[in-house]
Amino acid sequence: MSARLVLLGPPGAGKGTQAARISERLNVPAISTGDIFRANVAEQTELGKRAQRYMDAGEYVPDEVTNAMVRDRLAQTDAVDGFLLDGYPRTADQVAELDGMLATAGTRLGAVVELTADTDEVVTRLLKRAAEQGRADDTESVIRRRLEVYAEQTAPLADLYAERGLLVQVDGIGALDEVTDRIMTALEPKLA
Ligand code: AMP
């Protein structure tokens, strides 16, 4: 089954974990812009050097940098028949860019899953992850900033995709398997 999907949701909602599971079930690559940026920061590539200060501050990497990176990634052969984008698009400009990329390829999105979780819950989860993994952008002040930026720039994208009839909202709170099953059930009518 080919599926072209976007996973939306605030930092700490469990997007990365669920993206890996859904990608396996649907046999499409999970493409996480955050992971790609982190790998580039670790290797100190030019891209990583450009992205790092934004990431460390909890701000978004500029659209032109992010869009170019996603354009390259989606052009790779494993993404031709489907993909699950985790953490992209995050701004209205990125939505327009993705529309353009898909139109050029003669394809379109099948669904946008919004994983919902309330702020207290995501802050708790992120602080726990900070203690476990030591991610540079998981300090409390940066977490607060990332949530603000999400609320300002990314949360409104849910309405935009709802208007297109693509949005499915899924409660991200619960056991991992339960949430995965909820997502799969919510996607079924979209993938039919
Ligand atoms: P994430 O792992 O998805 O939470 O992303 C970690 C950080 O990478 C974000 O806080 C941003 O600084 C950067 N980032 C990831 N995806 C994007 C995107 N689509 N647009 C801009 N910045 C991004």
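Residues numbered from 1 in each chain as written. Predicted model: local features only at pLDDT ≥ 70, side-chain atom pairs only at ≥ 80, totals over all residues. Heavy atoms only, no water.

> Looking at this model, I keep getting lost on the overall build of the protein chain. Mind explaining?
Looking only at helices and strands, the protein chain has nine helices and five strands in total. Against the globule reference of 16 Å for 192 residues, the protein chain gives a C-alpha radius of gyration of 16 Å, in line with a compact fold. Structurally, the protein chain occupies a C-alpha span of about 40 × 40 × 30 Å along its principal axes. Considering the protein chain as a whole, with its 192 residues, one finds that 46% of them fall into the buried category. Considering only intrachain contacts with a sequence separation of at least 6, the fraction spanning at least 24 residues in the protein chain is 72%. Side-chain charges in the protein chain split into 22 positive and 32 negative, and the spacing between the mean points of these groups amounts to 2 Å. (Helix = DSSP H or I, 4+ residues; strand = E, 2+ residues; numbered from the N terminus. Rg over C-alpha atoms; globule rule 2.2 N^0.38 Å. Buried < 20%, exposed > 50% of the residue type's maximum accessible area, 1.4 Å probe, protein only. Contact = heavy atoms within 4.5 Å. Lys, Arg positive; Asp, Glu negative; His and termini not counted. Charge placed at Lys NZ, Arg CZ, Asp CG, Glu CD.)

> I tried to follow the UniProt feature "binding site: AMP" (unreviewed entry) in the protein chain on my own but got confused; where do I start?
Mapped onto the present numbering, the UniProt feature "binding site: AMP" (unreviewed entry) falls on Thr33, Arg38, Glu59, Tyr60, Val61, Gly87, Tyr88, Pro89, Arg90, Gln94, Arg135 and Arg146. Taken along the chain, the residues just named run across 114 residues; in space they spread out, the farthest C-alpha pair reaching 24.9 Å. Note on placement: Val61 falls in the loop between helix H3 (46–57) and helix H4 (63–74). Mapped onto the elements of the fold, Gln94 is located in helix H5 (residues 92–105). Exposure remark for Gln94: the relative accessible area of 3% places this residue in the buried category. In contact with Gln94, not counting residues within four places along its chain, are Asp63, Thr66, Asn67, Tyr88 and Pro89. (UniProt positions renumbered as here; feature names shortened; annotations may be inferred.)

> Help me understand the pattern of salt bridges, please; the structure alone is not making it clear to me.
Where charged atoms from two side chains of opposite charge approach closely, those side chains can pair. Per the counting criterion, the structure on display carries 16 salt bridges. Residue Arg182 pairs with Glu178 through a salt bridge whose shortest N-O separation is 2.9 Å. Remark: Glu178 and Arg182 occur in helix H9 (residues 176–191); sequence separation between them is four residues, near one turn of the helix. (Salt bridge = Lys/Arg side-chain N within 4 Å of Asp/Glu carboxyl O.)

> What should I look at first to understand unusual backbone geometry in this one?
In this structure, Pro89 follows Tyr88 across a cis peptide bond, with omega equal to -5°. If you trace the backbone, Pro89 turns up in the loop between strand S3 (83–86) and H5. Not every positive phi belongs to a glycine, and Asn27 is a case in point at roughly 60°. The residue Asn27 is located in the loop between helix H1 (15–26) and strand S2 (30–32) in this model. Look at Gln44: it is not a glycine, yet its phi comes out positive at around 50°. Of note, Gln44 is situated in the loop between helix H2 (33–42) and H3.

> Before we go on, may I ask you to explain the sheet that holds strand S1 (residues 4–8) in this structure?
By definition, the strands of a sheet pair up through backbone hydrogen bonds, in either a parallel or an antiparallel sense. As summarised here, the arrangement of the five strands in space is S2-S3-S1-S4-S5, forming an open sheet in which the pairing is parallel. A single partner strand is all that each edge strand has here, and the edge strands are S2 and strand S5 (167–171). Across this sheet, the average inter-strand angle for adjacent strands is 25°, counted without regard to direction. The pairing of strand S4 (residues 111–116) with S5 spans five bridges and is classified as parallel. When the bridges of S5 are listed, Val113 appears paired with Val168. (Pairing = 2+ DSSP bridges. Axes fitted to C-alpha atoms, helices over the stretch in contact; angles between N-to-C directions.)

> Looking at this structure, how should I read the nonpolar core?
Nonpolar side chains in soluble globular proteins tend to end up buried together. Leu74, Phe83, Leu85, Leu98, Leu109 and Val112 are the most contacted members of the largest nonpolar core, which totals 23 residues. Every element with two or more residues in this core is listed here: S1, H4, S3, H5, helix H7 (140–154) and helix H8 (156–163). In this structure Leu109 touches Arg4, Leu5, Val6, Phe83, Leu98, Leu102, Tyr161 and Leu166, once residues within four positions along its chain are discounted. Core analysis: the second largest hydrophobic core is formed by 19 residues, Leu5, Ala13, Val113 and Val168 among them. (Core = buried A, V, L, I, M, F, W, Y, C linked by side-chain atoms within 4.5 Å.)

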